[in-house]
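Residues per chain, in single letters:
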Amino acid sequence: YVWLTTTNNLAHTDATVHGSLKFTDKAKEDLYWRIRSKLLPNLGGWCHEVKAVRMAELIIQRQPKICVEIGVFQGKSLFTMAMALRFVGSGKAWGIDPWTQDDSLEGMAEGVNKEWWRSSIDHEHFYRSTADYRIKFELEDWCEIIRTRGDCQSTIDMFEDGSIEMFHLDGNHGPQ
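Keep in mind that this is a model prediction, so the values were computed, not measured.

### Digging into the pattern of salt bridges
As a working rule, side chains carrying opposite charge can pair if their charged atoms are close by.
Item 1. Applying the stated criterion across every chain, the model contains nine salt bridges.
Item 2. Note that Glu57 and Arg54 form a salt bridge whose closest N and O atoms lie 3.5 Å from each other. Remark: Arg54 and Glu57 occur in helix 3 (residues 49-62); sequence separation between them is three residues, near one turn of the helix.
Item 3. A residue is classified by how much of its surface remains accessible, and Glu57, at 26% relative accessible area, is partly exposed.

So, in structure tokens, the structure goes:
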């Protein structure tokens, strides 16, 4: 399996593609263009284009049947995975996030990040808009959204041992 994780520092890095990307065929070039120009600029969150294109490349190369992301926010990386799965014609991406203030703040030290999550975020809005974007981007067959904590036993039990082939951990960035 492939294990991807994003630390708080990386999540807030403003990385860009320098120079031109090399594409092997027009279909891939179109997929990457849709991700970079249609998906990423329209959603909130911290998945930059370098990470998104790399995620899509990994999915195209490995063609996983089950991808799981913990920590969806508004779906940049989840929908990137789903678009790549649609491109290869198989698989499903599962996005798990409780979309609650308490869960976002759990274990987070006082400071700017905690204050931002405490005062600036309408979690319900981001949950609803993520569900709406899933439909807008026509990804219903390629991804599911599960509104719960990533450590919820009933959600863990949905996946057989060894069945998750790509895992992206981008949940609560507290120290715990």
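### Some words on the packing of aromatic side chains
Item 1. Using the criterion set out here, one finds six aromatic pairs in the structure.
Item 2. Seen from their ring centres, Trp46 and Phe73 are 5.0 Å apart, and the 35° between their planes marks the pair as tilted. Residue Trp46 is located in the loop between helix 2 (26-39) and helix 3, and its partner Phe73 is located in the loop between strand 2 (66-70) and helix 4 (76-88); the two are separated by 27 residues in the primary sequence.
Item 3. Note on Trp46: relative accessible area 27%, which makes it partly exposed.
Item 4. Under the relative-accessibility criterion, Phe73 is labelled buried at 11%.
Item 5. Taken together, the aromatic side chains of Trp46, Phe73 and Phe126 make up a single cluster linked through ring pairs.
Item 6. One Lys or Arg, Lys92, reaches over the ring of Trp94 and ends 5.9 Å from the middle of that ring.
Item 7. Across from the ring centre of Tyr127, 4.2 Å away, lies the NZ or CZ of Arg147, which sits over that ring.

### Quick word on the nonpolar core
Item 1. Core analysis: the largest hydrophobic core is formed by 38 residues, its most contacted members being Ile35, Leu39, Phe79, Met81 and Leu139.
Item 2. Sorting the residues of this core by element identifies helix 2, helix 3, helix 4 and helix 7 (123-136) as the ones contributing at least two each.
Item 3. Here the element with the most residues in this core is helix 4; it accounts for eight residues.
Item 4. Apart from the residues within four sequence positions on either side, Met81 is in contact with Met55, Ile59, Cys67, Glu69, Ala93, Met166 and His168.
Item 5. Listed in part, the seven residues of the second largest apolar core include Val68, Ile70, Trp94 and Phe167.

### Overview of helix 4
Item 1. Its 13 residues give helix 4 an end-to-end C-alpha distance of 19 Å, which sits within 8% of 18 Å, the value for a rise of 1.5 Å per residue.
Item 2. Phi turns positive, to about 90°, at Gly89, one or two residues after helix 4.

### Regarding the packing of helix 2 against helix 3
Item 1. It is the contact of helix 2 with helix 3, at a shortest axis distance of 10 Å, that shows an interaxial angle of 145°. For the pair helix 2 and helix 3, the sense of crossing is right-handed. Across the interface between the two elements, Lys28, Leu31, Tyr32, Ile35 and Arg36 of helix 2 pack against Glu49, Ala52, Val53, Ala56, Glu57 and Ile60 of helix 3.

### Here we look at the side chain of Glu69
Item 1. As for its placement among the helices and strands, Glu69 is situated in strand 2.
Item 2. No salt bridge is formed by the buried Glu69; the nearest opposite charge belongs to Lys51, separated by 6.1 Å.
Item 3. Residue contacts for Glu69: discarding those within four places in its chain leaves Ser77, Leu78, Met81, Trp94, Gly95, Ile96 and His168.

Conventions we followed
- Residues numbered from 1 in each chain as written.
- Predicted model: local features only at pLDDT ≥ 70, side-chain atom pairs only at ≥ 80, totals over all residues.
- Heavy atoms only, no water.
- Salt bridge = Lys/Arg side-chain N within 4 Å of Asp/Glu carboxyl O.
- Helix = DSSP H or I, 4+ residues; strand = E, 2+ residues; numbered from the N terminus.
- Buried < 20%, exposed > 50% of the residue type's maximum accessible area, 1.4 Å probe, protein only.
- Phe/Tyr/Trp six-rings, centres within 6.5 Å; stacked < 30°, edge-to-face > 60°.
- Lys NZ or Arg CZ within 6 Å of the ring centre and 35° of its normal.
- Core = buried A, V, L, I, M, F, W, Y, C linked by side-chain atoms within 4.5 Å.
- Contact = heavy atoms within 4.5 Å.
- Expected span 1.5 Å × (residues − 1).
- Axes fitted to C-alpha atoms, helices over the stretch in contact; angles between N-to-C directions.
- Left-handed = near helix turned anticlockwise from the far one by under 90°.
- Lys, Arg positive; Asp, Glu negative; His and termini not counted.

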